[in-house]
Amino acid sequence: MEGWRLKHASVPNIEGEKEEVRTSTSGTNLKRLLEDLGLHQFYRDKLSLSKILEINEKTINDEPPKCKSDLKWHFLKKLMMVNVTARKIKSVSMSNQDDKLEPDELNFDDLLASPNKGDSVNPLDIITALFLCSDGFVQQELALKMSMCQFSVPLLLPNCDTQQCTLMLWAMRDIVKKYRPSDLSESKGFIEERIVLSELPFVSFVRLGECSLSKSEILNKLLSNSQQHHDTFVHHDMESGDIQRRISNGLTEMTWYLPCGNKNMDIFSEPVAIANLRGDIASFETQFSFLCQTSAAVFVFIDQLDSECQLLTNKNHKAQIFLVGNEQSKTFRVDFVKKLATSLALTKNNILIKTKQTNDADFVIKLRKRVSDVINNPQSKMSVEQMADVAHELGITVDEGFSKCKTGKMKADEITAEIKDILKYKKDQLQLQGQIWKELTCLEKEEFRLRKVGSENIENYKCKLQRDRKELRKKQNAYGMSRAMTSFISAISSPLRERCYFLKWMQINLDNLSRIKFSGLRELYKEKCRDFENKEEIKKIDQQLSSSSLGVEHFFREMGQIYEASLYLPETDPSRQQLQHLPKLCAQLLLDGFPLELVDGDASNIPLRWVSDVLSQLNDLVSPKNKIRVVTVLRVQGTGKSTLLNTMFGVQFAVSSGRCTRGAFMLLIKVNEDFKKVLNCDFVMIIDTEGLKSPELAQLDNSHEHDNELATLVVGLSDITIINIAMENSTEMKDILQIVVHAFLRMKAVGKKPQCQFVHQNVSDVSAHEKNLRDRKLLLEQLNEMTQAAAKMEKKEKYKSFTDVMEYNPDTGNCYIPGLWNGNPPMAPVNAGYSETVYELKKNIIQQLGKCRSPSNNIIQQLGKYESTSNNILEFREWITSLWNAVKHENFIFSFRNSLVADAYMRLCTEYNQWEWEFKKEIVEK
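Procedures and definitions
Residues numbered from 1 in each chain as written. Predicted model: local features only at pLDDT ≥ 70, side-chain atom pairs only at ≥ 80, totals over all residues. Heavy atoms only, no water. Helix = DSSP H or I, 4+ residues; strand = E, 2+ residues; numbered from the N terminus. Buried < 20%, exposed > 50% of the residue type's maximum accessible area, 1.4 Å probe, protein only. Core = buried A, V, L, I, M, F, W, Y, C linked by side-chain atoms within 4.5 Å. Contact = heavy atoms within 4.5 Å. Pairing = 2+ DSSP bridges. Phe/Tyr/Trp six-rings, centres within 6.5 Å; stacked < 30°, edge-to-face > 60°. 1 Å grid on protein atoms, 1.4 Å probe; cavity = no way out; pocket = protein on both sides within 12 Å on 5 of 7 lines; lining within 4 Å. Points joined across faces, edges and corners; volume = space filled by probe spheres on them. Nonpolar A, V, L, I, M, F, W, Y, C, P; charged D, E, K, R; others polar. Polar contact = N/O pair within 3.5 Å; in protein donor to acceptor, adjacent residues only side chain to side chain. Axes fitted to C-alpha atoms, helices over the stretch in contact; angles between N-to-C directions. Salt bridge = Lys/Arg side-chain N within 4 Å of Asp/Glu carboxyl O. Parallel < 35°, antiparallel > 145°, perpendicular 65-115°, else oblique. Left-handed = near helix turned anticlockwise from the far one by under 90°.

Caption draft 1: Structural view of unusual backbone geometry. A cis amide bond links Ser623 with the next residue in sequence, Pro624, at an omega value of 5 degrees. Take Pro624: it is sitting in the loop between helix H24 (608–622) and strand E13 (628–635). The residue after Pro825, namely Pro826, is reached through a cis peptide bond having omega 10 degrees. You can see Pro826 is positioned in the loop between strand E18 (814–817) and helix H31 (832–851). Phi at Ala345 is positive, roughly 55 degrees, even though this residue is not glycine. As for its position among the elements, Ala345 is in the loop between helix H11 (334–344) and strand E10 (351–354). Overall, Ala345 belongs to the exposed group, its relative accessible area being 65%. Despite not being glycine, Leu450 has its phi angle at roughly 50 degrees, a positive value. Within the secondary structure, Leu450 is located in the loop between helix H16 (435–449) and helix H17 (458–479).

Laid out in structure tokens, this is it:
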């Protein structure tokens, strides 16, 4: 079979915890397992993220796996939705074995017979197979989701085909953890960092020879507090955990215990990294050597061994050795342990024996005490990144070691190494998106709204605004392209894989820089807040917090401004011609799954020409398969951020670390060929808006205007709008919805009737839907009242209810989602109820998308250029242009908090006019 390079040399027998000993050729094992799982075609041509995330029939199919080849998709589907039940994988044939018995038949032979486990696979084998058959970006996503579920993640990944193992440094790069060690408990501070960079005490658990204690089960108890048990590691008594491992022996898994700062809840007061090696260290000497050179301590589980064991007496080992034995085992020999302890010069504290009088709970307490001693007095601390040097010395490959990843890193480092001060860097290197872009935005809107025309001739005033706009574009062109942007554009012009690695490294580097910057500013802010006289300094720090955000999206934003400014140059100008390829480049990135900024939230504007040209190029790339459906998420800040979207569709919107990245981003998800007829589209476009009603922006004069413009635009663009609210800020979302509906009534160009789906966060009660019937009824009544009020103001009394403007069903249009975490972070896994409810919401949305009717855009229909039966990318482009122009024309409603305030203002104006007229009349008469 193509892509296979199997080694047929026999491998020593591997004896796992409570598993049978079987002799087989490991390479053949890998080949057969991948064929069983249907992964053999991905062994060479790796599984990509777009393949996993595409929408197909299985996306909304709840049928359990019928055969082994279904197990991988079942696992992936659940894991991508961060479902903690993902490792519970059994095929239908195994689940239904008990049903084969006749109900009235009593046959003791059948009752005592061992079940046939041939149709199932050990979860560790599936995890190992998927990591072996996935590209680096899938591996990152798998590791991130597993970490959120509080599953252990692969540290050393074995490949029994090549007899090699790989350090999974790149795979863990995306995992960011927050925790509070004991010294920050009083100040309520916290540490937030990328886990591969955290220097922590590293404690490893291995076994030598046969072992009657289940090491993984003991570890799960070690890491679980008394309130809640969680299976971090797969063990024998889990579902399919007793299936013989075929390819995952030699797998070294890693997890972390991170404290929350509450001594009554924390098992360990300081953070610690834990490793667990699968299989006998006698068969995996390389992995064991690696652990002994990187760990502060290695706990060796033993029952019977040779006192002259060279593995444990190796002088190169840097770790403390602890022996863990079980007196209840028939093969346990105290004299062997004594001899070994003497040869290793171990103390009493380095030996832990589970006696006949010790139960599991007491044994775990003793083990915790030993681990605590190591954590509190570590001989060494090491980050995963530092472990790469040890791996190289031992001949272990590192997943970041190949050329495309290293080249991408080198190019990203060249750009980010120059960033010393984020504010200064943005001013020097990203000049076009600063004050000039904001002034251009004001001029564009003033051209439409003419708020400051006064007594001046309107045509003259418009010409003046256009001249000012051209002058600002001329000023932008005078800057030229900065060194950083030259390097950035050159890097994203690289071949696909290298470009992807470059962008990921850019995101990682920029997030790390922003995290350090924000941490320092937060500490300074906290310090200044203690002195109430420092109001000016506090205000200055607050502004820095709002302006210090820097992410990949800022570089793309600058690229868009460079392109738009170049359009004001003559067509023959070399500078303009050199930039003509940028829209196609960005369209390709959009097709590859990268998000594109639609609305710049900092300037509250759309670079229309840039976005239009990117979408035109995208249409050229995918035609004729260019039909799209649009799903939008609208949220008030603090209602789950992008977690809902990331859980629902598995996407990761690339927004930077920081408080104030605003606007809207669009991202494409492919629809599988077989499912296109169901959805009547080739792609689903997801538009994610950053949190509205941001507290730090509330003091700005145009905050209402920005939020209302953004909400009106994205709701108008969507086929389905998910309105994500928490009970504590539902009023603010109702305010925004009032403005959206009011704007729809005012804007003649809007001929679309988007569907509306309310998502209520942090509601876990099973009776929520029934109990909130009255609240839903009240919400609809309020929405109807404000629609009528807006219709009356706009003299469009035919609109009597909210559902005349937006499609909304109070019974099916509400979803109640429980809290995200099951327990107390940072050690809490994602709540299974959260994942399952979001999955039900996803199914509902996909089903609704299949029923969507195309928009009746009056402008597009008048142009007569496009089919009215489908919604394609060019139509979407025209729709953005017409809708945004309509928003810019709006001169009144967006500046109000809600329709009631607008109505009150109108009434006041009417009354004031009446008073003024009466006053003038009185003066004339006298």
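Caption draft 2: Up close: the nonpolar core. Counting 121 residues, the largest nonpolar core has Leu155, Leu167, Trp256 and Phe290 as its most contacted members. Discounting residues that sit within four places of it in the chain, Phe290 has contacts with Leu155, Leu156, Leu167, Met387, Val390, Ala391, Leu394 and Ile396.

Caption draft 3: Local environment of the pairing of strand E1 (residues 153–159). With respect to burial, E1 is a largely interior element, seven of its seven residues being buried. Across three bridges, the pairing between E1 and strand E6 (residues 252–257) is antiparallel. The partner of Pro154 across the bridge, within E6, is Glu253. Here E1 runs beside strand E2 (residues 164–167); their pairing, made up of four bridges, is antiparallel. Bridged to Asn159 within E2 is Gln164. Here E1 folds back onto E2 in antiparallel fashion, the turn holding four residues, of which Gln163 has a positive phi close to 60 degrees.

Caption draft 4: Spotlight on the packing of aromatic side chains. This structure, assessed with the given rule, holds 15 aromatic pairs. Arranged with centres 4.6 Å apart and planes meeting at 40 degrees, the rings of Phe137 and Tyr501 form a pair that is tilted. Linking Phe137 in helix H7 (residues 136–148) with Tyr501 in helix H19 (residues 496–529), this pair joins segments that are 364 residues apart in sequence. The exposure class of Phe137 is buried, given its relative accessible area of 13%. Among the residues examined, Tyr501 registers a relative accessible area of 3% and is labelled buried.

Caption draft 5: Here's a closer look at empty space enclosed by the protein. Throughout the structure, instances matching the rule amount to three cavities of 30 Å³ or more. Its volume calculated, the second largest cavity comes out at about 70 Å³. Lining of the second largest cavity is provided by Trp437, Glu553, Phe556, Arg557, Gly560, Gln561, Leu596, Glu597, Asp600, Pro607 and Trp610. Elements represented by at least two residues in the lining of the second largest cavity include exactly helix H21 (552–566) and strand E12 (596–600). Considering each element in turn, the lining of the second largest cavity owes the most residues, five residues, to H21. Partitioning the lining of the second largest cavity into residue classes produces five nonpolar, two polar and four charged.

Caption draft 6: Region of interest: the environment of Glu253. If you trace the backbone, Glu253 turns up in strand E6. Taking the C-alpha atoms as reference, Glu253 lies 9.6 Å from Ser204; in sequence the two are 49 residues apart. When sequence neighbours within four positions are dropped, the list of residues in contact with Glu253 reads Leu124, Ser152, Val153, Pro154, Leu155, Phe233, Ile274, Ala275, Asn276 and Arg278. A distance of 2.6 Å separates a polar atom in the side chain of Glu253 from a polar atom in the side chain of Ser152.

Caption draft 7: Just the sheet that holds E1, in detail. If you walk across this open sheet you meet the nine strands as E10-E9-E8-E5-E7-E6-E1-E2-E11, and the pairing is mixed. Taken across any chain shown, the strands that pair with only one partner, and hence form the sheet edges, are E10 and strand E11 (397–398). Of the strand pairs in this sheet, strand E5 (residues 202–208) and strand E8 (residues 297–302) are connected by six bridges, and their pairing is parallel. Paired with Phe205 across the strands is Phe299, a residue of E8. Each of E1, E6 and strand E7 (272–280) touches helix H6 (residues 123–132); the most contacted strand, E1, lies at about 75 degrees to it.

Caption draft 8: Inspection of the pattern of salt bridges at higher detail. On inspection of all chains with the given rule, the structure shows 39 salt bridges. Residue Asp413 is joined to Lys409 by a salt bridge in which the shortest nitrogen-to-oxygen separation is 2.8 Å. Placement of the pair is Asp413 and Lys409 together in helix H14 (residues 403–416), with a separation of four residues, close to one helical turn. Lys409 sits in the partly exposed class, given a relative accessible area of 29%. In this structure, Glu709 engages Lys445 in a salt bridge whose closest nitrogen and oxygen atoms are separated by 2.7 Å. Linking Glu709 in helix H27 (residues 703–717) with Lys445 in helix H16, this pair joins segments that are 264 residues apart in sequence. Lys445 matches Glu709 in its accessibility class, with the two residues each being buried. Through salt bridges that share partners, Asp174, Arg194, Lys504 and Asp511 make up one connected network.

Caption draft 9: Highlighting the packing of H19 against helix H20 (residues 535–547). Orientation of H19 relative to H20, taken along the N-to-C sense of each, is 160 degrees, at an axis distance of 10 Å. Taken together, the axis directions place H19 and H20 in an arrangement best described as roughly antiparallel. Note that H19 runs across H20; the crossing there is left-handed. Here Phe518, Leu521, Arg522, Leu524, Tyr525, Lys528 and Cys529 of H19 lie close against H20, whose contacting residues are Glu537, Ile538, Ile541, Asp542, Gln544 and Leu545. The class makeup of the residues in the contact of H19 with H20 is eight nonpolar, one polar and four charged.

Caption draft 10: Quick look at the side chain of Asp613. For Asp613, the position within the fold is in helix H24. Discounting residues that sit within four places of it in the chain, Asp613 has contacts with Tyr563 and Pro583.

Caption draft 11: Here's a closer look at the environment of Phe649. Structurally, Phe649 is set in helix H25 (residues 643–649). You can call Phe649 buried: its relative accessible area is 5%. Considering only alpha carbons, one finds Phe649 and Ile669, 20 residues apart in sequence, at a separation of 8.5 Å. Phe649 has contacts with Leu53, Ile55, Ile669, Ile686 and Lys842, leaving out every residue within four places of it along the chain.

These figures come from the coordinates and say nothing about function on their own.
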